[in-house]
Amino acid sequence: KASTRVTIFDQPYSFAGEANAATVQRLADRVDAKMRQVAQETQLVDSLRVAVLTAMNLADENEALRAQVERLEHQVAAKARELGRDLDRLLERAG
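Residues numbered from 1 in each chain as written. Predicted model: local features only at pLDDT ≥ 70, side-chain atom pairs only at ≥ 80, totals over all residues. Heavy atoms only, no water.

(A) Just the pairing of strand β2 (residues 11-16), in detail. Relative to β2, strand β1 (residues 3-8) runs antiparallel, the two being bridged by 6 bridges. By the bridge assignment for β2, I8 is matched with Q11. As consecutive antiparallel partners, β1 and β2 are separated by 2 residues, and within that stretch F9 has a phi angle of approximately 55 degrees, a positive value. (Pairing = 2+ DSSP bridges. Helix = DSSP H or I, 4+ residues; strand = E, 2+ residues; numbered from the N terminus.)

(B) Here's a closer look at the environment of A21. With respect to the element layout, A21 can be found in helix α1 (residues 21-42). Judged by its relative accessible area of 45%, A21 falls in the partly exposed class. Considered as a pair, A21 and R5 are 16 residues apart in the sequence and their alpha carbons are 8.5 Å apart. (Buried < 20%, exposed > 50% of the residue type's maximum accessible area, 1.4 Å probe, protein only.)

(C) Summary view of the nonpolar core. The biggest cluster of nonpolar side chains holds 9 residues, and these are V6, I8, F9, V24, A28, M35, V38, A39 and V50. Top element by residues in this core is α1. It accounts for 5 residues. (Core = buried A, V, L, I, M, F, W, Y, C linked by side-chain atoms within 4.5 Å.)

(D) Seen up close, unusual backbone geometry. Within the chain, D10 stands out as a residue other than glycine whose phi angle is a positive 65 degrees. Relative to the helices and strands, D10 resides in the loop between β1 and β2. Residue class for D10 comes out exposed when judged on its relative accessible area of 56%. One non-glycine residue with positive phi stands out, namely Q43, at about 65 degrees. Examined against the element boundaries, Q43 turns out to sit in the loop between α1 and α2 (47-94).

(E) Structural view of the side chain of D32. By secondary structure assignment, the location of D32 is in helix α1. Exposure remark for D32: the relative accessible area of 14% places this residue in the buried category. One polar contact links the side chain of D32 to the main-chain amide nitrogen of F9, over a distance of 2.6 Å. Once residues within four sequence positions are removed from consideration, D32 is found in contact with T7, I8, F9 and D10. (Polar contact = N/O pair within 3.5 Å; in protein donor to acceptor, adjacent residues only side chain to side chain. Contact = heavy atoms within 4.5 Å.)

Structure (structure tokens):
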């Protein structure tokens, strides 16, 4: 497994795993940007507090996206049932 070195909030980290280096870097860039935003908005200097608030913000975003995906899955399932009924009616008329 290759190791990818990144910098998050001015601290170096090394990640080993299945994800490719570009993915690891993209995720690290997102975390770094979010931490800098939280630090600027809250004026906190304690990196642990910034990290916890950042984690909470990212968890909140994740939950909102999960809820959105769930709503879309329900909409797709309802539409699929509707189209299935329409198709059944058309096949009955044709047959």
